[in-house]
Structure formats: structure tokens, C-alpha cells
Amino acid sequence: MSDAPLILAVPSKGRLQENASAFFGRAGLTLAQGRGARDYRGTLAGLPGVEILFLSASEIVAQLASGGAHLGVTGEDLVREALPDADALVEFLTPLGFGHANVVVAVPQAWIDVRTMADLDEVAEDLRARHGRKMRVATKYVNLTRRFFADAGVTDYRIVESLGATEGAPGSGTAELIVDITTTGATLAANALKVLDDGVMLRSEANLVASVRADWSPAARDAARTILTRISAEEAARTTREVRACLEPARPFDLDAILERHGATLPYGVSERELTLRVAKANVFGLVDDLMAVGALDVSVRALDYVFRPANPVLDRLLGRLG
Ligand SMILES: Nc1ncnc2c1ncn2[C@@H]1O[C@H](COP(=O)(O)OP(=O)(O)OP(=O)(O)O)[C@@H](O)[C@H]1O
Ligand SMILES: O=P(O)(O)OC[C@H]1O[C@H](OP(=O)(O)OP(=O)(O)O)[C@H](O)[C@@H]1O
Ligand SMILES: [Mg+2]
């Protein structure tokens, strides 16, 4: 099985789907979905050593854990919930900048004296004394909740497993409080719930995740190299700019000081009249000001599509992990 292809698992629906295919598209990796939206297998245009599985975000976690997929895009919240020992089974390669959601503990806004996890002890005691039953927490994040509540020293409660519309549980009387994800806070507000001051359990976003258990054949490693190289090249281009400056030949200045001040580099070396610099996007205008101040005759700034460099820390980390 040494030429087994690389299996890449991509969300087939939901909030992560569109962002995931846009992300691969920017990196020059076009997802081709066989015979239309209901075909759950696909390919990467121009990369024959790759098979794509279109799965739900939570199924992607299961495939990464079992080794059924080499790489996948999914939410960190789902990985941490499903895999108690996540770091032994998977490697988080890079956060993707979309799918942001916080996993939070939320209680009714009407509980004005309840602000922190420690206050939940009193709520639990009160429920026991007055109604003779345990405080109930509605959630589908059962494992994350158990761990977080244990770390906070809250032990007198019961989990009511929720399959959806978790925020409705306190209103309908099936639980006193909830643990769920929130992005804009609109659903919590609509259900008159508030997040406890120390109730943010996890700040999650979509990640590119690698399976440690998968059959990392030479062909699969080659394909991963190609994919991660393009992803890094796109990221480097998106976060940096190329600055070209035409200089007055006879006028000396401290180039090293300028490079250092803005974290700029000279990827093509130094020549007397023209400099090509690379700099973080946020530092562009400071660098331009300094170049003008030392007498530059013309400065241009360009966005690039891709920046390829021989070193790829993400790939190195993956290969190091696989041994
Ligand atoms: N506002 C949001 N609501 C829900 N999920 C979000 C939100 N923002 C980001 N996400 C991410 O998307 C993931 C859920 O994706 P989605 O609902 O498509 O998959 P799923 O829950 O596995 O599928 P299903 O709901 O069919 O079980 C979350 O776990 C989280 O990582
Ligand atoms: O903070 P907000 O921006 O309001 O978003 C949070 C809500 O969105 C998600 O539900 P979703 O619509 O995905 O339904 P689901 O729970 O059935 O997956 C999540 O479970 C919350 O209910
Ligand atoms: Mg969902």
C-alpha cells in the first residue's frame, strides 16, 4: 500500500463548507466534486495522488482519529470534544481564519447574582434544597463540559444531552443552564441567556488537521508536500507585500536599520539603484515613508499571488511528527 493516495476530508455542508473550498481555491487547489452536490467523493484538479471525501465537520474528526483521512478541515471544538487525547491522534497544522466560535457556559439573564462558575455551586445547593434534584446542564459538548466543570470545582450537576436548539432548554424547562457555541451572540440573546464571566471554555476556529494514524505512504507524503507548499505560498503572499524602490545612487543611508525597523527582507539581494523588499502588510507604509525620507525617487507596492520559499515550517512539523 506504499502508493496509497492522500485522503483529504472537506466539509460537505454547513458553515464551514463554502469557506473551506474558497480557502483551497486561493491556494490554487480546486476541489472537483464528481457528479454534483450529492457526490461525496471528489478529486483535486491537477493532483492525481489525492482523493477528497466530503463529510460533515464532526465525521471529519472521526476519520482523522481512525486514520481514514490524512488531512481534514474541521472545527477545533469538534476535535477537542470527540477526542479526549486529541494531541496523540492528530496534529493541528494551521488555523484557517474562519469558523470562529466560542464554546461557552450560559445561564438565564434573570439570574442576576450568578456571574461566575463558582456561583453555580450555590445554584446547585439551592436546587437540591428547594426541589430535591440536581442542577441540569443542556449540551452536545458533554466531554468538554465535564472537564471544564471539574476544573472549576463544580461537581453537583447532571448533563442533559442536547441534539440541537440547546439554547431553548432553560426556557422550556429541560435544563437550568447550557453549554454551546456562540459566534455573534444573537441566539443567546434571543433566548435571554448570558455567558458567565469565566465561562468561555474554548475559542475555536476551523483548522487544517492531520491524522497521525493514517497510512502515510510516500505518495501521501508527496501530495501533502504539494498541498502544504501551496497553502504556505498563498498565506505568505496574503500577509506580505513587495516594495520596490528606485534610489539615488550617490546617497548613502543605513539600509540595515530600515530593514530592522520594519522587519523587511531583501529576497533578491542588494543592487545599487533598485531594491526589492518584502515586508508584512501592516508595515508597508512605515517602510515607504523611510525609503522616501532617504531620497527614493520612486516606490511601488505590489500584492503577490504566491510566495514560494524553500523552508516550510508546517510541513516540517508534520513530517517530524510522522517520523
Ligand atoms: N455560529 C456557528 N454555529 C455553528 N457552528 C459554527 C459556527 N461558527 C463556526 N462553527 C463551526 O462549525 C461547526 C459545525 O458545523 P456544522 O454544523 O456544519 O457541522 P456538524 O455540526 O458536524 O453537522 P451536523 O449539525 O449535521 O451534526 C462547529 O462545530 C464550529 O466549529
Ligand atoms: O451566536 P450565534 O451567531 O447566534 O450562533 C450560535 C448558534 O449557531 C449554531 O447553531 P446552528 O444554526 O448551526 O444549528 P445547529 O445547532 O443545529 O447546528 C449554534 O449551535 C448556536 O445555536
Ligand atoms: Mg451543526
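Residues numbered from 1 in each chain as written. Chains lettered and ligands numbered in written order. Predicted model: local features only at pLDDT ≥ 70, side-chain atom pairs only at ≥ 80, totals over all residues. Heavy atoms only, no water.

- The name given to the protein chain in an unreviewed UniProt entry is ATP phosphoribosyltransferase, and the organism recorded there is Salinarimonas soli.
- Annotation of the protein chain in UniProt includes, under Sequence similarities (unreviewed entry), the sentence "Belongs to the ATP phosphoribosyltransferase family. Short subfamily."
- As stated in UniProt under Catalytic activity (unreviewed entry), the record for the protein chain gives "1-(5-phospho-beta-D-ribosyl)-ATP + diphosphate = 5-phospho-alpha-D-ribose 1-diphosphate + ATP". (UniProt positions renumbered as here; feature names shortened; annotations may be inferred.)

## Let's talk about the pattern of salt bridges
Charged atoms that come close allow side chains of opposite charge to pair.
Phase 1 of the analysis: By the definition in use, this model includes 16 salt bridges.
Phase 2 of the analysis: Put simply, E242 and R302 hold a salt bridge, and the shortest N to O gap is 2.9 Å. In this pair, E242 is assigned in strand 13 (residues 240-246) and R302 in strand 15 (residues 298-302), connecting sequence segments 60 residues apart.
Phase 3 of the analysis: A network of salt bridges, in which partner residues are shared, links R26, E234 and R238. (Salt bridge = Lys/Arg side-chain N within 4 Å of Asp/Glu carboxyl O. Helix = DSSP H or I, 4+ residues; strand = E, 2+ residues; numbered from the N terminus.)

## Focus: helix 5 (residues 119-131)
An α-helical segment advances 3.6 residues per turn. Residues three or four places apart therefore align on the same side.
Phase 1 of the analysis: Compared with the 18 Å implied by 1.5 Å per residue over 13 residues, the 18 Å span of helix 5 between its first and last C-alpha is a close match.
Phase 2 of the analysis: All of the buried residues in helix 5 are D119, L120, V123, A124 and L127. On an axial view of helix 5, the arc spanned by its buried residues comes to 145°, and they lie on one face. Among the exposed residues of helix 5, those oriented more than 90 degrees off its buried face are E122, E125 and A129.
Phase 3 of the analysis: Among the structural elements, strand 7 (101-108), strand 8 (135-139), helix 6 (142-151), strand 10 (177-182) and strand 11 (193-204) are those in contact with the buried residues of helix 5. (Expected span 1.5 Å × (residues − 1). Buried < 20%, exposed > 50% of the residue type's maximum accessible area, 1.4 Å probe, protein only. Arc of directions from axis to C-beta. Contact = heavy atoms within 4.5 Å.)

## Re the site of ligand 1
Phase 1 of the analysis: Around ligand 1, the surrounding shell holds 16 residues, and the nearest of these are K13, R15, S58, D77 and T183.
Phase 2 of the analysis: One of the side-chain N or O atoms of S58 is found 2.8 Å from an oxygen atom in ligand 1.
Phase 3 of the analysis: Residue H100 places a main-chain N or O atom 3.4 Å away from a nitrogen atom belonging to ligand 1.
Phase 4 of the analysis: In isolation ligand 1 exposes 620 Å². Once the protein is present, 74% of that is buried. (Near = heavy atom within 4 Å. Polar contact = N/O pair within 3.5 Å; in protein donor to acceptor, adjacent residues only side chain to side chain. Areas by Shrake-Rupley, 256 points an atom, 1.4 Å probe, with all protein chains shown as cover.)

## Some details on the domain arrangement of the protein chain
Phase 1 of the analysis: Along its sequence, the protein chain is carved into domain 1 (6-99 + 205-215), domain 2 (101-203) and domain 3 (240-302).
Phase 2 of the analysis: Between the C-alpha centres of domain 2 and domain 3 the distance comes to 54 Å. (Domains from an automatic or database assignment.)

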